[in-house]
Amino acid sequence: QVHLVESGGGLVQSGGSLRLSCEGTGNIYRINNMAWYRQAPGEERDLVATIQRGGETHYVDSVKDRFTISRDNAKNTVYLQMNNQKLEDTAVYLCFAEIQVSTNYEYEYWGQGTQVTVSS
């Protein structure tokens, strides 16, 4: 069984910083693309940032120059460093990963989500 376990959410003041972590555990052969999404109350789940296994990254415009996605392949972990946070960053942040459990089988997995609340 494979799981994605997130940590690092919490309450932060506007302009502050938080760092989220997401570790893959279980029967993992290889993790390919990883990403962070977020979902605000009453809103759809939106992509925040992606990172390929080789390190290539992509960000949505609203977080460019404020957020940084990174990964440690040896630890099966992806990070999201969030700086200069804004009220509109308040959401549940979810980790996503494409995980191979063997050479031939790859599945999509989601973390349970971690709450980030930005206060004024």
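Here, every reference points to the structure presented above.
So, here is what we can say about the structure in this document. Quick caveat, the model's predicted, so the values are computed rather than measured.

Turning our eyes to something else, we now look at the side chain of Glu 6. Relative to the helices and strands, Glu 6 resides in strand β1 (residues 2-7). Of the side chains bearing the opposite charge, Arg 45 lies closest to the buried Glu 6, which forms no salt bridge; the N-O distance is 8.5 Å. At 2.5 Å, the side chain of Glu 6 and the backbone nitrogen of Cys 95 are in polar contact. When neighbours within four sequence positions are excluded, Glu 6 is seen to be in contact with Ser 21, Cys 22, Trp 36, Tyr 93, Leu 94, Cys 95, Gly 111, Gln 112, Gly 113 and Thr 114.

On to unusual backbone geometry. In this model, Asn 76 sits at a positive phi of 55°, which is unusual for a non-glycine residue. Located in the positive-phi region is Asn 84, a residue other than glycine, with phi close to 45°. Note on placement: Asn 84 falls in the loop between β8 (77-82) and β9 (91-100). In this structure Asn 84 comes out as partly exposed when scored by relative accessible area, which is 43%.

All right, on to the environment of Val 2 then. Here Val 2 is to be found in strand β1. Along the primary structure Val 2 and Val 60 are separated by 58 residues, whereas in three dimensions their C-alpha atoms are 28 Å apart. Among all residues touching Val 2, those that are not within four sequence positions of it are Thr 25, Asn 27, Ile 28, Ile 99, Val 101 and Tyr 109.

Under the counting rule described, the total for this entry stands at three aromatic pairs. Three or more aromatic residues link up through ring pairs in this structure, and these residues are Tyr 37, Phe 96 and Trp 110. In this structure, Arg 19 packs its charged tip against the face of Tyr 79, placed 4.1 Å from the ring centre. In this arrangement the basic side chain of Arg 45 is found over the ring face of Trp 110, its NZ or CZ atom lying 4.5 Å from the centre.

What counts and what doesn't
Residues numbered from 1 in each chain as written. Predicted model: local features only at pLDDT ≥ 70, side-chain atom pairs only at ≥ 80, totals over all residues. Heavy atoms only, no water. Helix = DSSP H or I, 4+ residues; strand = E, 2+ residues; numbered from the N terminus. Buried < 20%, exposed > 50% of the residue type's maximum accessible area, 1.4 Å probe, protein only. Lys, Arg positive; Asp, Glu negative; His and termini not counted. Salt bridge = Lys/Arg side-chain N within 4 Å of Asp/Glu carboxyl O. Polar contact = N/O pair within 3.5 Å; in protein donor to acceptor, adjacent residues only side chain to side chain. Contact = heavy atoms within 4.5 Å. Phe/Tyr/Trp six-rings, centres within 6.5 Å; stacked < 30°, edge-to-face > 60°. Lys NZ or Arg CZ within 6 Å of the ring centre and 35° of its normal.

These results come straight from atomic positions and should not be treated as a statement about function.
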